[in-house]
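So you can see what is in the structure, the chains are spelled out below.
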Amino acid sequence: MSSQPATLHPAGAAERPAPVSGAAGYATRDVAALLGLSVTQVRALIRDGLLSPALGARGEYRFSFQDLILLRTAKALLAANVPRRRIRTALQKLQEQLPAGQPLTGVRITAQDHHVVVRDGQEVWNPESGQTLLDFQVADLEREASLIRHSGRKREESDLSAPLRQAPETAEAWYAQGCDLEADEDLEAALAAYRRALEIDPGLPDAHLNLGRLRHEMGDLAAAEDHYRAAAEAQPDEPTTAFNLGVVLQDRGRLAEAAAAYEQALALDGRFADAHYNLAGIHETLGRRQAAFRHLRTYKTLIGG
């Protein structure tokens, strides 16, 4: 089964997918059961142009793993009352906007104010218009800025009378301060606090985990991996650490190592839904169709979808 994105066509288009030989792909009935849809609903979504699965030797639909992702996404967007026309347009344009060959397993597609929003790592955009989320939410941002302006002077007066914060003395206290600074979105100060905690206690697992996550979000994958591994060595029974290590290894293209990390996370917590989801994507990329289907089915069960 190919891991390339499915080709989408407008509703009512005369173009039909070419038949494929053999029994590659998933059958309609299996897909319907996995996603909690009826066979009729799946076929209706195809007629609406939300995806165009391949055809088997007898003319039956055969769904790729990418098709499963598209169907699951379409179901969620419909439940959020996004119009079908808007879903179709967004998914079509998303296929064009993603780099060639990039699967959909790494992106998250959600609804916001009856629009479709795509999150791919640090990037957030509306595929219909190509606008980033900053442009997409400019009205909300303006309202929030107005509230800040009105409350700014009062907060400054309060800060003048507040006692100066004392520097922490223990690694745990520096770690706690880092968490507070993250909550205040002062990320550079949070990084410094976590580093200070590790200077005092180089084996503090939570500081390694949070520092690794911040470096990961900033795109420094090598540093993130080092911190995740240090956290795993200090606290080998923490599934979140194994999962985060899997994510950074997957981002670095080391799929076999990433799969092993996700398996370790699941060995520690079999109900870790996101580990099942990411592992399904890796198995699909590596051509392990049944394993991909099994993990995606477990993910669906765990999230109650």
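None of these values were measured; they are calculated from a predicted model.

Thresholds, definitions, all that
Sequence order sets the numbering: in each chain, residues are counted from 1 along the sequence as written. pLDDT decides what is reported in this predicted model: residues at 70 or higher carry local features, side-chain atom pairs at 80 or more are listed and counted, and totals for whole chains, interfaces and linings draw on all residues regardless. To obtain the side-chain values, all non-hydrogen atoms of the structure were used and water was disregarded. Angles shown run from 0 to 180 degrees and are taken between the N-to-C directions of axes, each axis being a line fitted to C-alpha atoms and, for helices, limited to the stretch in contact. Counting from the N terminus, the helices are the DSSP runs of H or I reaching at least four residues and the strands are the DSSP runs of E reaching at least two. For classification purposes, an angle smaller than 35 degrees is called roughly parallel, one larger than 145 roughly antiparallel, one from 65 to 115 roughly perpendicular, and anything else oblique. Crossing handedness follows the turn of the near helix against the far one: under a right angle anticlockwise gives a left-handed crossing, and clockwise gives a right-handed one. Only heavy atoms enter the contact rule, under which two residues are in contact if any of them lie within 4.5 Å. Each residue is assigned to one class: nonpolar for Ala, Val, Leu, Ile, Met, Phe, Trp, Tyr, Cys and Pro, charged for Asp, Glu, Lys and Arg, and polar for all the others, Gly among them. Remark: exposure states derive from per-residue accessible area (1.4 Å probe, protein chains only) relative to the maximum for the residue type, with buried under 20%, exposed over 50%, and partly exposed in between. Here the aromatic set is Phe, Tyr and Trp, taking the six-membered ring for Trp, and pairing holds for ring centres within 6.5 Å; pairs whose planes are under 30 degrees apart are stacked, those over 60 apart are edge-to-face, and all others are tilted. Throughout this description, the term charge over a ring refers to an Arg CZ or Lys NZ atom that lies within 6 Å of the ring centre and within 35 degrees of the ring normal.

Another point: the packing of helix H9 (residues 205–217) against helix H10 (residues 221–234). Helix-helix packing: each pair is described by the crossing angle between the helix axes and the interaxial distance. The contact between H9 and H10 brings their axes to 8 Å, and the two run at 160°. In terms of orientation, H9 lies roughly antiparallel with respect to H10. As H9 runs across H10, the sense of the crossing is left-handed. Residue-level contacts link Pro205, His208, Leu209, Leu211, Gly212, Arg213, Arg215 and His216 of H9 to Leu221, Ala223, Ala224, His227, Tyr228, Ala230, Ala231 and Ala234 of H10. In the contact of H9 with H10, the residues fall into 10 nonpolar, four polar and two charged.

Looking now at the environment of aspartate 180. Mapping aspartate 180 onto the fold places it in helix H7 (residues 171–183). The exposure class assigned to aspartate 180 is partly exposed, which follows from its relative accessible area of 44%. Remark: the alpha-carbon pair of aspartate 180 and alanine 193, spanning 13 residues in sequence, is separated by 9.9 Å.

This next bit is on the packing of aromatic side chains. The full count for this structure, using the stated rule, is six aromatic pairs. Taken together, a centroid distance of 5.8 Å and an interplanar angle of 35° make the contact between tyrosine 175 and tyrosine 194 tilted. Here tyrosine 175, found in helix H7, pairs with tyrosine 194, found in helix H8 (residues 187–200); they are 19 residues apart in sequence, far enough to count as distant. The class of tyrosine 194 is buried, set by a relative accessible area of 0%. With centroids separated by 4.8 Å and ring planes inclined at 25°, the aromatic side chains of phenylalanine 243 and phenylalanine 272 adopt a geometry described as stacked. Taken together, the residues span a long stretch of sequence, with phenylalanine 243 in helix H11 (residues 239–251) and phenylalanine 272 in the loop between helix H12 (255–268) and helix H13 (273–285) at a distance of 29 residues. Both residues of the pair, phenylalanine 243 and phenylalanine 272, belong to the buried class. Above the ring of tyrosine 26, the side-chain terminus of arginine 289 is found at 5.3 Å from the ring centroid.

Let us look at the packing of H10 against H11. It is the contact of H10 with H11, at a shortest axis distance of 9 Å, that shows an interaxial angle of 155°. On the basis of the axis angle, H10 is roughly antiparallel to H11. In this structure, H10 meets H11 at a crossing whose hand is left-handed. Seen from H10, the contacting residues are Leu221, Ala224, Glu225, Tyr228, Arg229, Ala231 and Ala232; seen from H11, they are Thr241, Asn244, Leu245, Val248, Leu249 and Asp251.

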